[in-house]
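Observations on chain architecture
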Amino acid sequence: KEGDVIPGRTPADVIFKIVEKPHPHFRRDGANLKYTHTVDLKDALCGTVIEVPTLQGNKVKIDCTRDVLKPNQTRRLQGYGLPMTKVAGRNGDIIIDFNVIFPDTLSESSKAMVRNALS
């Protein structure tokens, strides 16, 4: 029995329901934010520079030119997430998931070139 005590009434708790609106770029995971970046197969294999949006409205460039990006691979931008409630002055991270798009079909000559390049 908590809440306001008024003679002749049963005290009650006040319950708040908080519903988060979906964000156009991020999904929340505690203080971390998850971001999915779609990259085509050419850039995944040969490397690329990607731009990741932040909550502040700017974009952070990530150099992936020396990497081969694999499907479901992740990268982490430290300190760009939400404020941590239990650690003052610290923010969570943005966790980048890579969604690699594969072509639906390849011509025989393209298949031969890929086989040649990867052997």
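On a predicted model such as this, the values are computed, not experimentally measured, just so you know. (Residues numbered from 1 in each chain as written. Predicted model: local features only at pLDDT ≥ 70, side-chain atom pairs only at ≥ 80, totals over all residues. Heavy atoms only, no water.)

Considering the nonpolar core
Counting residues in each nonpolar core, the largest one holds 17 residues, and the members touching the most others are Val52, Ile62, Leu77, Ile94 and Ile96. Of all the secondary-structure elements, those providing two or more residues to this core are strand E2 (32–40), strand E3 (49–53), strand E4 (59–63) and strand E6 (94–101). Once residues within four sequence positions are removed from consideration, isoleucine 94 is found in contact with Phe26, Leu33, Tyr35, Val52, Pro53, Thr54, Arg75, Arg76, Leu77, Tyr80 and Gly81. (Core = buried A, V, L, I, M, F, W, Y, C linked by side-chain atoms within 4.5 Å. Buried < 20%, exposed > 50% of the residue type's maximum accessible area, 1.4 Å probe, protein only. Helix = DSSP H or I, 4+ residues; strand = E, 2+ residues; numbered from the N terminus. Contact = heavy atoms within 4.5 Å.)

A look at the sheet that holds E2
Strand order in the open sheet formed by 4 strands is E1-E2-E6-E5, with mixed pairing between adjacent strands. If you trace the sheet from one side to the other, it starts and ends with strand E1 (26–29) and strand E5 (74–77), each paired once. Ignoring which end each strand starts from, the neighbouring axes of this sheet average 30 degrees apart. Alignment of E2 against E6, held across 8 bridges, turns out to be parallel. Paired with aspartate 40 across the two strands is isoleucine 101, which belongs to E6. (Pairing = 2+ DSSP bridges. Axes fitted to C-alpha atoms, helices over the stretch in contact; angles between N-to-C directions.)

Considering the pairing of E2
Successive side chains on a regular strand alternate, one facing one side of the sheet and the next facing the other. The pairing of E1 with E2 spans 4 bridges and is antiparallel. Each bridged residue has a counterpart across the sheet, and for arginine 27 the counterpart in E2 is lysine 34. Between E1 and E2, which pair antiparallel and follow one another directly, the connecting turn spans 2 residues, one of which, glycine 30, has a positive phi of 70 degrees.

Note that all results are geometric; they support no functional claim without further evidence.
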